[in-house]
Amino acid sequence: MGAFGGGMRSFNPIRLLRSLKQQHSINRHPKGLAIFEACLIGLVSAIAVISLKVGVDWLSHWRLGMAAIAPPWLVLPGFGLIGGALSGWLIEWLAPAAQGSGVPQVKMAMASLPTPLNFRIALVKLLSSFLALGSGLPLGREGPTIQVGAAIACHLSHWFPTSPNHRRQLIAAGAGAGLSASFNTPIAGVLFVVEELLQDVSGFTLGTAILASFVGSVISLLLVGNSLAFNLTDAVARSHFSLKEIPFYLLLGGLAGLIGPLFDEGILLSLKINQRLKLGIPLRIGLAGLICGVGLALLPATFRNSAELRDLLTSSGTDWQTAAITFCAYSLFTLVASGSGTPGGLFVPLLFLGAALGYLVGIFEFNTLGVETPTTYAMAGMGAFLSAVSRIPITAIVLVFEMTADFDLVLPLMIATASAYLIAEKISGGSLYERMLAASGIHLKKELDTGGVLGKLTAADIMQRRVETLSSQISLNEAIQAFSRSHHRGFPVVDQGKLVGIVTQTDLATMQEQHLRGDEPLHRVMTPRPVTVSPDSPLTQVLYLLNQFKLSRLPVTEGKKLVGIITRADIIRAESDELSDENGQLGPQPEPSYLVYQTRAPASGQGRLLVPLSNPQTADALLQMAAAIARDLNYELECLSVIIVPRNRAPDEAIVRTTTSRRLLRQAESLGRQWKIPVHTQIRLAHDVAQAILETIKERHIDLILMGWKGNTATPGRIFGSAMDTIIRQASCEVVLVKLGEMERQTHAQTPKSSSKVAHGTIQNPLLLDRWLIPIAGGPNAQEAVKLLPALTTLSQTPEVRLCQIFQPSNENPDTRVLEADLQFLNRYLSHPAIATPLCAASVPDAIIHLAEQDQCDVIVLGASREGMLQQAMKGNIPEAIASQCACTVILVRGAIN
């Protein structure tokens, strides 16, 4: 069996030699490269986080200092308005993708949706966040740092050849490093990657994310200490847990679980309001800063510094009134800021609000039991509210634990967080960030669902295991002879079972340029160290390498041992096999058909009728029948011509003549114009006729297919022929098979093409179909054949229609109600009355054949069904016997399969 499909493009090894060597080096040291990339991402992300932290702290201190010496009602709104507007101006003019939290943009990139992630985005995000957050907009630094880390990782990934899967993992690692550096919580950064971004726990994903998060956190800790995180270690050193407190932690989780979904809806409502206002980004963020500044100016001075207020909540240094006002006021500020597109994260405000909510529950518990101070409840509330809003319970638990380093807090934190998550998920499921994207009209697709085949298949699933190879020691003349005997355009070169190179026709063409003789060894022109994949490489990696280096074939190796080969044709075939559920098996299948010609008419019909055309002698008769049915049912005609190409040649690269096919299709278009029926035409190249027809049925939403049938087959085990049997078995639409009688075939074979014309809807050279015999078998789809008769009988001048039903001689009281009902139906629609004849006979085929010969019938119409007559037909009974023994036209109708 050949290793390569025909028609594969060759490549220039001289031009790509450097790229191939570079890729070979990458393939040999993937772990070393991944370690270097992760460390670099963590380092740059930490530097970006530290820069943002220092800048925001400086601007915030200046703003609060100005508010202490000048009227707060002027300073705070002014800072918010000016800082927000400047931040929005930078975003609008330099990088619109830098607005908002940053996490939705990262999720878009992870889903391969078009969104920019590069150094430009990172720089604009840093500057705009510095202006907005430092001016008093109450959002967090972690959202921008997540997007900055992801943008840095994405940009760095373009400096090295890498697959799409690897790039996604690097982007996720960069996001984790940004979160880790913001809070000094490396484990939470890794879990955020696993829980929210990738939903992947493979060794490579975890390793990259762990290393990037670790480096980011260490650099941040060394340079600025714990000041980036909530400094909670001392505050909770005295926390302890008692079983009596479980109901109160459940109460805390319940409140967070109820308020969290409301908070989500508030964010979505704020986004919708800003979208409807249709204001520019500078004005939106500036107004949000103004509103927040006015709100802070109206509150006591205690509420203006969120850091000091947070310390009060986490050290039992305030009362319940302050906690309640904090929760209500900062909830409103957060909704206003996040809905405006302010570049800031939600983690910090959610943790802050959770602390306020937990503090209130803690005061209630302390006044009731007096067991624990409100501090522990404030800590547990952080994780509970973050989990209820963002739906990342594991990340929330670990994040708070890493910030506090208090093991006694773990159990109450888990109780509150888990209960909050379960209640919130019950009320409204789904990620907040995905819902925010959906509100903007962006719907993420699940990676493995949308990429179903791409997500599941590996190189071992699609590779060809029998590979034709050459030795590097054979002469160039022998290699030329090997190419001349094969349709392959390239061969792997193997010595002692090890892959040493690959040779293509292009390589051999360089013999004259290199002044090589025919007796010189093949290794003089082959490409050494070719790009390879391992058997467990995902299909996405295979596709990336084929497209990146413009390859037509990709060797599959274990170490240096060649175990298979993959071509582009193999990938197409594997995807088709995976999607086909027939017999639930994968196996060699023909390649998809290739559309080379098509015309389209206005789509004005109520359905679509497909007519495959191949034989010029029968095409005219089939078109007349199809046109009559289409006109009666108000259908459009879809005319298809299939040209068969050899199996060793890809349909999309075959060279064929379409003159005959186009002539047949023009004949169909002419008939459509005269009958005023929309006619669409197409020509497909295919390895298999049935497959091309089935593809057309699916793509064009066909309701009925009418096909010519020669009446017998020489294929063993087939009733109607290989193609017919496949279509009858698999096509979901209604199927009509037509075997033209000898007289009709001779008439249309001798009639010049120009003499078969239609004038004012009446055929001047009509089919000789005046006497019609319709056996009624009583099957569920027999009515479908009867329903087509009014349309078909318009092809004859004086149609004579006879219905008959065959009963067994042992049936003394035959039930003729079906026969009578069909007769009444036809007499309502036919121009000439039909007659009905019940017959008794031991053999249904013999009785029908005898009656047809006796009445000199021109056509027999058989209504078939999968359960009734068609089941008998597949066993070689009725249609085969009638078609082989009757000289008249036979029409077999099979209803649609629901």
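**A closer look at the overall build of the protein**
Check the secondary structure of the protein and you find 35 helices and 18 strands. The buried share of the protein, taken over its 898 residues, is 56%. A total of about 38,900 Å² of accessible surface is found on the protein, and carbon and sulfur atoms cover 57% of it.

**Looking at the pattern of salt bridges**
Under the criterion given, the structure shown has 14 salt bridges. Overlapping salt bridges, with partners in common, bring together Asp264, Arg391 and Glu425 in one network.

**A short note on helix H32 (residues 817–829)**
When the terminal C-alpha atoms of H32 are compared, their 19 Å separation across 13 residues agrees well with the 18 Å that a helix rising 1.5 Å per residue should span. On its buried face, H32 sits against helix H31 (782–792), strand E15 (800–807) and strand E16 (835–840).

**Section: helix H14 (residues 347–368)**
Every α-helical turn comprises 3.6 residues, leaving residues that sit three or four positions apart pointing alike. The end-to-end C-alpha distance of H14 is 31 Å, a good match for the 32 Å that 22 residues give at a rise of 1.5 Å each. Taken across its 22 residues, H14 has 16 buried, putting it largely inside the fold. After H14 finishes, the residue Gly370 shows a positive phi value of roughly 70°.

**Some remarks on the side chain of Thr599**
Looking at the secondary structure, you find Thr599 in strand E6 (residues 594–599). Among the polar contacts made by the side chain of Thr599, one reaches the side chain of Thr681 at a distance of 2.4 Å. In contact with Thr599, not counting residues within four places along its chain, are Glu669, His680 and Thr681.

**Considerations on a nonpolar patch on the surface**
Taken together, Leu81, Ile82 and Leu86 make up a surface patch of nonpolar side chains, about 260 Å² in accessible area. The residue Leu86 is located in helix H3 (residues 72–94) in this model. Look at Leu86 and you get partly exposed, because its relative accessible area is 42%.

**Re the state of the cysteines**
For the coordinates displayed, the defined rule picks out 0 disulfides. Cysteine Cys804 remains unbridged, with the sulfur of Cys857 as its closest cysteine sulfur at 8.6 Å.

**Notes on the packing of H14 against helix H15 (residues 374–390)**
Their axes nearest at 6 Å, the elements H14 and H15 cross at an angle of 135°. Between H14 and H15, the angle falls in the class oblique. Between H14 and H15 lies a crossing of right-handed hand. Tallied by class, residues from the contact of H14 with H15 come to 16 nonpolar, 5 polar and 1 charged.

**Some thoughts on unusual backbone geometry**
Phi at Asn184 is positive, roughly 55°, even though this residue is not glycine. Inspection of the secondary structure puts Asn184 in the loop between helix H7 (164–183) and helix H8 (186–198). The residue Asn634 is not glycine, and still its phi comes out positive at about 60°. Of note, Asn634 is situated in the loop between helix H26 (616–633) and strand E8 (635–644). Its relative accessible area of 37% is what places Asn634 among the partly exposed residues.

**Things to note about the side chain of Glu669**
Position of Glu669 relative to the elements: it lies in helix H27 (residues 659–675). Despite its burial, Glu669 pairs with no opposite charge; the closest candidate is Arg673, at 4.8 Å N-O. Within the local environment of Glu669, its side chain forms a polar contact with the side chain of Thr599, the two groups lying 3.0 Å apart. Those residues within four positions of Glu669 in sequence are excluded, and the remaining contacts are Thr599, Val679 and Thr681.

**Here we look at the nonpolar core**
Among the nonpolar cores identified, the biggest contains 110 residues, and Phe347 and Phe385 are the most heavily contacted of them. At 11 residues, H14 tops the list of elements feeding residues into this core. What Phe347 contacts, discounting residues up to four positions off in sequence, is Glu142, Leu179, Phe183, Phe192, Leu386, Ser390, Ile392, Leu399 and Tyr433.

**Some thoughts on the confidence of the model for the protein**
Summary statistics for the protein give a mean pLDDT of 79 and a share of 82% for residues scoring 70 or more. Helix H1 (residues 13–28) is the least confidently modelled element of the protein, averaging 36 in pLDDT, while strand E9 (residues 679–686) averages 94, the highest of any element. With pLDDT under 50 throughout, residues 1–29 is counted as low confidence; its partners more than four residues away or in other chains account for 69 contacts.

**A few points about the pairing of strand E1 (residues 490–495)**
Judged by how many residues are buried, E1 sits mostly within the fold: 5 of 6 residues are covered. Where E1 lies against strand E2 (residues 498–504), 6 bridges are found, and the strand directions are antiparallel. Directly across from Pro492, in E2, lies its bridge partner Ile502. The antiparallel pairing of E1 with E2 creates a hairpin that spans 2 residues between the two strands, and Gln496 there sits at a positive phi of about 55°.

**Regarding the packing of aromatic side chains**
Using the criterion set out here, one finds 11 aromatic pairs in the structure. Aromatic pair Trp58 and Trp62: ring centres 5.9 Å apart, planes at 25°, arrangement stacked. Note that Trp58 and Trp62 are positioned in helix H2 (residues 30–69) at a spacing of 4 residues, about one turn of the helix. Ring geometry for Tyr330 and Phe352: centres 5.0 Å apart, planes at 80°, overall edge-to-face. On the criterion of sequence distance, the pair formed by Tyr330 in helix H13 (residues 320–339) and Phe352 in helix H14 is long-range, its members being 22 residues apart. Of the two residues, Tyr330 and Phe352, both sit in the buried class.

**Re the environment of Ser472**
By the element assignment, Ser472 lies in the loop between helix H21 (459–462) and helix H22 (476–484). Residues in contact with Ser472, not counting those within four places in the same chain, are Val493, Val494, Asp495, Val500, Pro521, Leu522, His523 and Met526.

**Some words on the pairing of strand E18 (residues 889–894)**
Where burial is concerned, most of E18 is hidden: 6 out of the 6 residues are buried. Both faces of E18 are covered, namely the face carrying Thr889, Ile891 and Val893 and the face carrying Val890, Leu892 and Arg894. The sheet contact formed by strand E11 (residues 734–739) and E18 spans 5 bridges and is antiparallel. What sits directly across from Val736, in E18, is Val893.

**As for the environment of Arg120**
Along the chain, Arg120 turns up in helix H5 (residues 119–134). A sequence separation of 35 residues divides Arg120 from His155, and the C-alpha atoms of the two residues are 9.5 Å apart. Not counting chain neighbours up to four residues away, the residues in contact with Arg120 comprise Trp93 and Leu94.

**Side note on the packing of H26 against H27**
One can describe the packing of H26 onto H27 by two numbers: an axis separation of 10 Å at closest approach and a directional angle of 30°. Both H26 and H27 take part in a crossing whose hand is right-handed. Packed against H26, whose contacting residues are Pro616, Ala619, Asp620, Leu623, Gln624, Ala627, Ala628 and Arg631, the element H27 presents Thr660, Leu664, Gln667, Ala668, Leu671 and Trp675 at the interface.

What counts, and at which threshold
- Residues numbered from 1 in each chain as written.
- Predicted model: local features only at pLDDT ≥ 70, side-chain atom pairs only at ≥ 80, totals over all residues.
- Heavy atoms only, no water.
- Helix = DSSP H or I, 4+ residues; strand = E, 2+ residues; numbered from the N terminus.
- Buried < 20%, exposed > 50% of the residue type's maximum accessible area, 1.4 Å probe, protein only.
- Areas by Shrake-Rupley, 256 points an atom, 1.4 Å probe, with all protein chains shown as cover.
- Salt bridge = Lys/Arg side-chain N within 4 Å of Asp/Glu carboxyl O.
- Expected span 1.5 Å × (residues − 1).
- Contact = heavy atoms within 4.5 Å.
- Polar contact = N/O pair within 3.5 Å; in protein donor to acceptor, adjacent residues only side chain to side chain.
- Patch = residues over 30% accessible without salt bridge, like charges linked within 9 Å, V, L, I, M, F, W, Y side chains within 5 Å.
- Disulfide = S-S within 2.5 Å.
- Axes fitted to C-alpha atoms, helices over the stretch in contact; angles between N-to-C directions.
- Parallel < 35°, antiparallel > 145°, perpendicular 65-115°, else oblique.
- Left-handed = near helix turned anticlockwise from the far one by under 90°.
- Nonpolar A, V, L, I, M, F, W, Y, C, P; charged D, E, K, R; others polar.
- Lys, Arg positive; Asp, Glu negative; His and termini not counted.
- Core = buried A, V, L, I, M, F, W, Y, C linked by side-chain atoms within 4.5 Å.
- pLDDT = per-residue confidence, 0-100.
- Pairing = 2+ DSSP bridges.
- Phe/Tyr/Trp six-rings, centres within 6.5 Å; stacked < 30°, edge-to-face > 60°.

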